[in-house]
Amino acid sequence: MSEPTYRRVLIKLSGEALQGDQEYGISPVSLEGFAREICEIQQLGVQVAIVIGGGNIFRGVAGSTAGMDRASADYMGMLATVINGLALQDAIEQIGVQTRMQTALEIKEIAEPYIRRRAMRHLEKDRVVIFGAGTGNPYFTTDTAAALRAMECHAEVILKATNVDGVYDDDPETNPAAQRYDRLTYIDVLSKNLRVMDSTAVSLCMDNELPIIVFDLNRPGNMKRVICGQELGTWIGPE
Ligand code: GTP
């Protein structure tokens, strides 16, 4: 199980995954664990780009429901993704793998601005590329940023690493009878309103036939298993 099926992938890591058992912020144990998994696949020769969320620090939607202007709340969420990106960059580099971080909002003192061709060059040089600040636009989620960057960088698949082991027909936490899907089409996800990713992100993937694999990040070794073609979680693609 050491031959990768994919050569270039985009990993979408949720902010919540970084918080581990904590109620807020970054758990050093989770951070180090994810960094190790990422380095493991990079060392198999896989080119890795990462889009990270910010929900462990600030949720734009929650801010706007609390009365804040949605655009302001979303900008705060984008800054939260930059904080997570810097933490992940540090953790990966401590293991000895080179990284570059690029942000969709210019914060030149701490990261490179997003330049597509430069990001591609970094990937070709086996640097893990971390994209921060979402798409740089309010009203778009980090899932949409993941779909966009995956397409721009010609990733072969989006690996959506989450706290559940795939996509279910109901919430498995509240309904023990919920069934997990092994495979779904984009249309299934949209028509059944399965909330794997928001509809903008799923539509973007559908239009460009970019597959998405949703899998459980909390089981050590899963990232490598998925990369090496083991059927884990839920695969979403064309018919
Ligand atoms: P090559 O051109 O392939 O050698 O890539 P490189 O990323 O090593 O080249 P460069 O000399 O541009 O970058 C050297 C270091 O500076 C890297 O760690 C970059 O991430 C960083 N860097 C480059 N541009 C910026 C920027 O605009 N802002 C910040 N904060 N860092 C930058």
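Residues numbered from 1 in each chain as written. Predicted model: local features only at pLDDT ≥ 70, side-chain atom pairs only at ≥ 80, totals over all residues. Heavy atoms only, no water.

> What is the right way to look at helix α6 (residues 142–152) in this model?
Structural remark: α-helix, 3.6 residues per turn; residues separated by three or four positions point the same way. Most of α6 is tucked away: nine of the eleven residues are buried. Every buried residue of α6 is listed here: Thr-142, Asp-143, Thr-144, Ala-145, Ala-146, Ala-147, Arg-149, Ala-150 and Met-151. Among the residues of α6, the N-terminal cap falls to Thr-141, whose side-chain oxygen and the backbone nitrogen of Asp-143 are separated by 3.3 Å. Positive phi appears at His-154, one or two residues downstream of α6, with a value of about 60°. (Buried < 20%, exposed > 50% of the residue type's maximum accessible area, 1.4 Å probe, protein only. Helix = DSSP H or I, 4+ residues; strand = E, 2+ residues; numbered from the N terminus. Polar contact = N/O pair within 3.5 Å; in protein donor to acceptor, adjacent residues only side chain to side chain.)

> What should I look at first to understand the layout of surface pockets in this one?
A water-sized probe, rolled over the atoms, reveals where empty space remains. Of the volumes computed, that of the largest pocket is approximately 1200 Å³. As for the largest pocket, its lining consists of 45 residues, of which Arg-59, Asp-143, Lys-160, Arg-195 and Val-196 are closest to the centre. When contributions to the lining of the largest pocket are tallied by element, the ones reaching two or more residues are α1 (15–19), α3 (60–65), α4 (70–95), α6, β6 (157–162) and β7 (167–168). Here the lining of the largest pocket takes five residues from α4, the largest share from any one element. Along the lines of polarity and charge, the residues of the lining of the largest pocket split into 13 nonpolar, 18 polar and 14 charged. (1 Å grid on protein atoms, 1.4 Å probe; cavity = no way out; pocket = protein on both sides within 12 Å on 5 of 7 lines; lining within 4 Å. Points joined across faces, edges and corners; volume = space filled by probe spheres on them. Nonpolar A, V, L, I, M, F, W, Y, C, P; charged D, E, K, R; others polar.)

> Mind showing me how you'd approach the packing of aromatic side chains here?
Any pair of aromatic rings gets described here by the distance separating the centres and the angle formed by the planes. Within the structure shown, the criterion is met by one aromatic pair. Taken together, a centroid distance of 5.5 Å and an interplanar angle of 80° make the contact between Tyr-114 and Phe-131 edge-to-face. Residue Tyr-114 is found in the loop between β4 (112–113) and α5 (116–124), and its partner Phe-131 is found in strand β5 (residues 128–132); the two are separated by 17 residues along the sequence. Accessibility classification places Tyr-114 together with Phe-131 in one group, the buried group. (Phe/Tyr/Trp six-rings, centres within 6.5 Å; stacked < 30°, edge-to-face > 60°.)

> Help me understand the pairing of β5 in this model?
Regular strands show a simple pattern: their side chains alternate between the two faces of the sheet. Most of β5 is tucked away: five of the five residues are buried. On β5, burial covers both faces: Val-128, Ile-130 and Gly-132 on one face and Val-129 and Phe-131 on the other are all buried. As defined by bridge partners, strand β2 (residues 47–52) adjoins β5 across three bridges and the pair is classed as parallel. Looking at the pairing, Val-51 lines up with Phe-131 of β5. In this sheet, β5 lies alongside strand β3 (residues 99–103) in parallel orientation, the contact comprising five bridges. Bridged to Arg-100 within β5 is Val-129. (Pairing = 2+ DSSP bridges.)

> I would appreciate a short explanation of the pattern of salt bridges in the present structure.
Enumeration according to the criterion identifies 13 salt bridges in this entry. Between Lys-12 and Asp-143 there is a salt bridge whose closest N-O contact spans 2.9 Å. Of this pair, Lys-12 sits in strand β1 (residues 8–13) while Asp-143 sits in helix α6, and the two are 131 residues apart along the sequence. Looking at Asp-143, the relative accessible area reads 9%, which means it is buried. (Salt bridge = Lys/Arg side-chain N within 4 Å of Asp/Glu carboxyl O.)

> Can you help me understand the sheet that holds β3 in this one?
The strands that make up a sheet are held in pairs by hydrogen bonds between backbone atoms, and each pair lies either parallel or antiparallel. Strand order in the open sheet formed by nine strands is β4-β3-β5-β2-β1-β6-β10-β11-β9, with mixed pairing between adjacent strands. Pairing within the sheet leaves two strands with one partner each, and these edge strands are β4 and β9 (183–185). The pairing of β6 with strand β10 (residues 212–216) spans five bridges and is classified as parallel. Across the sheet, residue Leu-159 finds its bridge partner in β10, namely Ile-213.

These figures come from the coordinates and say nothing about function on their own.
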